[in-house]
Amino acid sequence: MKMKRMKNEVISATIDSYLKRRHYQVNDVFCKGDQLFCQNSEQMTLSTTAECGTSRDNSIVFSAITIDITAADQAYQRLKKCVNVILDEKIKVELQGLLYPIFCHLYLEILHAGNRQAAIQFLKAHQNEFVSDTEKDFLEELSSVFSVQDIELRPLVNAFRTRKYKVDLSELAHIWLRQYLAKYGHIIVMQIINTHVTIIQKADNPQIDGEVHEEKSQRYEVGINGHVEQPSGTGVDREMRELQESIRLIRNNAHQPLRIFTVKNSIENASSALIAPKMDKLAVGFGTAEIRLWGIGDTVLVKSKDKQMHIPFPCDASPSYRSTEQENAISEAGAIVLRGHTDVVHDLRFIPECDILLSASSDKDMRAWRLNDYSCAAIYSGHSYPIWCMDTSVFNLYTATGSHDRTAKLWSLDRTFPLRIYAGHFLDVNCIKFHPNARYLATGSADKTVRLWAKDDGNLLRVYVGAQSPIYTLAFSPDGKYLAAAGDDKSISIWDLASNALLTELKGHKDTVMNVDWSLDGQYIASASIDGIVRLWPTQDFINTLNGSSSNAMSQLEAPQVYSTCCSSILSLNYYNKNNSLICIGTA
């Protein structure tokens, strides 16, 4: 009877491990997608605003000037020159009134782009062309603005920047302006007119001098320096500028809490994902046995038709086999598709030193893919059952894999056979992690234990017990003193490697924890559960408090930050060297 119960437990654990690895959930797995269609009022408003802002005819994308400053200066001078040679004096005077707001806003745009010296030179070169007292007084105020922050400190300049400037043009002047912009219009000039200027087309009725003077006097009484009490741009335009400023502040922030990449239309098929250390490529493994590569940011992946020169592997795949797979690595919808595996791709690792992508699959093989020509460089066979996980050591000298065959194996890329075999677990090895000094290796298993091995000789050094469920993820602290483990029991256990003691358990997740990573500065642990929730724990303070055994300090610990990613499943959660960025990749 006992033997039968143990057998049932093994079968149950194996099935549960498989389902979790494929991102299936109990009870609500088929309802998860429906949640994506439920939006609150704020989300609906934001979606509608974005749609309106990107679908309007003749709309301008509002962004800080990033073009050549010299080209922008030349565009202004061209406009000024064309206006000054107009023979009709009335039209010339009307259009000269348009030069002033364009000049002022162009100066502020150059400042917004961070080109302070170029902005000062531009202001000094042209400010003497405006001679009225109102214009000269405002330009004197503007000459003391040297940054975006200075704008908010000066009410006059801030009002000028946030409200539209009113310019009256006759029908003929309006026609001339449209014709000029159609032929010579520069993007920054059109952007300033569209965003910051209200052009009022007036009727061509003759007026006596007194009436004209009165109108002009009233015009300057409407607001500050000729601009009217009208917000700069429509609501969509204003929100776009606020969004742009927020993006700029985030990019300049030394510590970015969380960035999310979503793989759409792949809820059932996406099985693994990873971003390259340089954050220029995204690789996703699928249940269809394919791997797809996308470029991130300005990176565009193109499959070269020329033969690429590369360093040969001692274990290279045969030329005939490699050429067949190269023909299959075609670009689809902007992605490079790598074909060769025959079953689900469960884990991926980039090796930037030799421009290689490693993949582990249920077909029992690990493969190395060259990223210069997207060919399969080598196939590593040694496991007798599916490979669930992999990790690379510091400097990427070694690779380790964990499998359904209950073993972990150590590899070197120049050998197709394993260098070491780590045997001792009673069930699947679900996760594997190298110690920062590369002398040790940790494995987490469905048998509810974590084991620490000596990498070189394969000896078992530690066995961490106490977990109430299978372990799915591991992370060493950057200094190598602590080990974090998490899984089905929804908590994160932190072990002290020196004393072999369980320091603490971080509890708060409401579902299985599938991903854990330690920040590069050692201050935080990031964890992701299968329900799409990411938590950021101030673990270093927690550990210091526990070591000091101060109960009062424990009650004042910083609460974890909670992020709802709205992802149906999270494929990876990792910290990167670039700004200590925390990157989450999920499906939707």
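Per chain, residues are indexed from 1 in the order of the written sequence. Given that this is a predicted model, residues contribute local features only at a pLDDT of at least 70 and side-chain atom pairs are listed and counted only at 80 or more, while totals for whole chains, interfaces and linings are drawn from all residues. To get the side-chain values, all heavy atoms of the structure are used, and hydrogens and water are removed first.

### Some words on the overall build of the protein
The following threshold applies: The secondary structure listing takes helices from DSSP runs of H or I that are at least 4 residues long and strands from runs of E that are at least 2 residues long, numbered from the N terminus. Three exposure classes are used, based on accessible area relative to the maximum for each residue type with a 1.4 Å probe and protein chains only: buried under 20%, partly exposed in between, and exposed over 50%. Here, two residues are considered to be in contact whenever any of their heavy atoms come within 4.5 Å of each other. Throughout, the Shrake-Rupley method with a 1.4 Å probe supplies accessible areas, and for residues the shown protein chains are the sole cover considered.
Looking only at helices and strands, the protein features 15 helices and 31 strands. Relative to its 588 residues, the protein shows a buried fraction of 49%. Sequence-distant contacts in the protein: of pairs separated by 6 or more residues, those separated by 24 or more amount to 57%. Accessible area for the protein stands at about 29,400 Å²; split by element, carbon and sulfur atoms hold 52% of it.

### Examining the UniProt feature "repeat: WD" (unreviewed entry) in the protein
Selection rule: UniProt positions are given in the numbering used here, feature names are shortened, and annotations may be inferred rather than shown by experiment.
UniProt's entry tags residues 338-379, 380-414, 422-463, 464-505 and 506-537 with the feature "repeat: WD" (unreviewed entry), counted in the numbering of this structure. Across residues 380-414, helical content stands at 0% and strand content at 51%; the span's end C-alpha atoms are separated by 10 Å. The span residues 506-537 is 0% helical and 56% strand by assignment, and the distance between its end C-alpha atoms comes to 8 Å.

### A word on the packing of helix H3 (residues 69-84) against helix H5 (residues 116-126)
For clarity, the threshold we go by: Axis definition: a line fitted to C-alpha atoms, limited for helices to the stretch in contact. Angles are taken between N-to-C directions and run from 0 to 180 degrees. Note on angle classes: values under 35 degrees are labelled roughly parallel, values over 145 roughly antiparallel, values of 65 to 115 roughly perpendicular, and the remainder oblique. Put simply, a crossing is left-handed when the front helix is turned counterclockwise from the back one by less than a right angle, and right-handed when it is turned clockwise. Residue classes follow a fixed rule: Ala, Val, Leu, Ile, Met, Phe, Trp, Tyr, Cys and Pro count as nonpolar, while Asp, Glu, Lys and Arg count as charged, and any other residue, Gly among them, counts as polar.
Remark: H3 packs on H5, axes separated minimally by 11 Å, with the N-to-C direction vectors making an angle of 20°. With respect to H5, the axis of H3 lies roughly parallel. Relative to H5, H3 is oriented so that their crossing is right-handed. Mapping the contact onto sequence places Ile69, Asp73, Tyr76, Gln77 and Lys80 in H3 and Ala118, Phe122 and His126 in H5. Here the residues of the contact of H3 with H5 sort into 4 nonpolar, 2 polar and 2 charged.

### Observations concerning the sheet that holds strand E18 (residues 429-434)
Put simply, the rule is: Think of it this way: DSSP has to see at least two bridges between two strands before they count as a pair.
Read from one edge of the open sheet, 4 strands run E18-E19-E20-E21, paired in antiparallel fashion. Only two strands of the sheet have a single partner each, and these edge strands are E18 and strand E21 (460-464). Each adjacent strand pair in this sheet contributes to an overall mean axis angle of 20°, direction not counted. As judged from the 4 bridges shared by strand E20 (residues 450-454) and E21, these two strands associate in the antiparallel manner. Of the residues in E21, the one forming a bridge with Arg451 is Val463.

### Let's talk about the pairing of strand E24 (residues 491-496)
Taking burial as the measure, the 6 residues of E24 include 6 buried ones, the bulk of the element. Here E24 shows two buried faces, one formed by Ser491, Ser493 and Trp495 and the other by Ile492, Ile494 and Asp496. The sheet contact formed by strand E23 (residues 482-487) and E24 spans 5 bridges and is antiparallel. When the sheet's bridge partners are listed, Tyr482 is paired in E24 with Asp496. Counting the residues that bridge the hairpin from E23 to E24 gives 3 residues, and of these Lys490 lies at a positive phi of roughly 70°. Adjacent in sequence and paired antiparallel, E24 and strand E25 (residues 501-507) are bridged by 4 residues, among which Asn500 carries a positive phi angle near 60°.

### A look at the side chain of Asp373
The line we're drawing: The charge count includes Lys and Arg as positive and Asp and Glu as negative, but it does not include His or the ends of the chains. Salt bridge criterion: a side-chain nitrogen from Lys or Arg within 4 Å of a carboxyl oxygen from Asp or Glu. Polar contacts, as counted here, are pairs of nitrogen or oxygen atoms within 3.5 Å of one another; within protein the pair requires one atom able to donate a hydrogen and one able to accept it, and residues that are adjacent in sequence qualify only if both atoms are side-chain atoms.
Looking at the element boundaries, Asp373 is found in the loop between strand E12 (365-370) and strand E13 (376-381). Although Asp373 lies buried, it forms no salt bridge, and the closest oppositely charged side chain, Arg370, sits 5.6 Å away as judged by the N-O distance. Within the structure, Asp373 has its side chain in polar contact with the side chain of Ser375 (distance 2.8 Å).

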